[in-house]
Amino acid sequence: MAGREDWWYDEAAGPLVRPYAMVRGRTRPLRPELHLVTQVRAMPSPADPAALSVEHLEIMELCRRPLSVAEVAAYLDVPLVVVKVLLSDLIQRGDVVIRDPSRVPQVPDRNLLQAVLDGVRGI
């Protein structure tokens, strides 16, 4: 039988901390452009690591290589909105950079590239 100090922990569920507690009650990210496929990469060293929460530090560790927002949420096993709020904090501090793949310009048509190559070879 668990002691009184273990009331907050359930073996099957893990810690019984509501997700909004991780983000101090905030429910909306400051950065609305964070989408499921937005790529996130951590900067080499955070500005002030002592000011970051455990969750922020976990994100920094995960994002040493680029990951999508959806992947970060899956690895942390927390709701997507929680990850977006935490990522917004890190973006605002300059600790991570984002890139939205949907905003990458379209690759030029193969025929156009071939015409340019043929033109360059003709010089």
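Going by the structure above, here's the rest.
Since the model is a prediction, treat every value here as computed from it, not as a measurement.

(A) Broad picture of the overall build of the protein chain. Of regular secondary structure, the protein chain possesses five helices and five strands. From first element to last, N terminus to C terminus, the protein chain shows the α and β order β-β-α-β-α-β-α-α-β-α. The buried share of the protein chain, reckoned over its 123 residues, is 26%. At a minimum sequence separation of 6, the contacts of the protein chain that also span at least 24 residues come to 70%. As displayed, the protein chain offers around 8900 Å² of accessible surface, 57% of which is attributable to carbon and sulfur atoms.

(B) The pattern of salt bridges, seen in detail. Scanning all chains against the criterion turns up two salt bridges. In this structure, the salt-bridge partner of R64 is E61, at a minimum N-O distance of 3.2 Å. Classification of E61 as partly exposed rests on a relative accessible area of 46%. The partner of R93 in a salt bridge is D95, and the shortest N-O contact between them spans 2.5 Å. For R93, a relative accessible area of 29% gives the class partly exposed. Since its relative accessible area comes to 1%, D95 is described here as buried.

(C) Representation of the packing of helix α3 (residues 69-76) against helix α4 (residues 80-93) in the model. In the contact formed by α3 and α4, the axes pass within 9 Å of each other and the chain directions differ by 110 degrees. Classed by the angle they form, the pair α3 and α4 counts as roughly perpendicular. Crossing of α3 over α4 shows right-handed handedness. Counted together, V69, A70, V72, A73 and L76 of α3 and L80, V83, K84 and L87 of α4 form the full contact between these two elements. Among the residues making up the contact of α3 with α4, the classes are represented as eight nonpolar, no polar and one charged.

Definitions and cut-offs
Residues numbered from 1 in each chain as written. Predicted model: local features only at pLDDT ≥ 70, side-chain atom pairs only at ≥ 80, totals over all residues. Heavy atoms only, no water. Helix = DSSP H or I, 4+ residues; strand = E, 2+ residues; numbered from the N terminus. Buried < 20%, exposed > 50% of the residue type's maximum accessible area, 1.4 Å probe, protein only. Contact = heavy atoms within 4.5 Å. Areas by Shrake-Rupley, 256 points an atom, 1.4 Å probe, with all protein chains shown as cover. Salt bridge = Lys/Arg side-chain N within 4 Å of Asp/Glu carboxyl O. Axes fitted to C-alpha atoms, helices over the stretch in contact; angles between N-to-C directions. Parallel < 35°, antiparallel > 145°, perpendicular 65-115°, else oblique. Left-handed = near helix turned anticlockwise from the far one by under 90°. Nonpolar A, V, L, I, M, F, W, Y, C, P; charged D, E, K, R; others polar.

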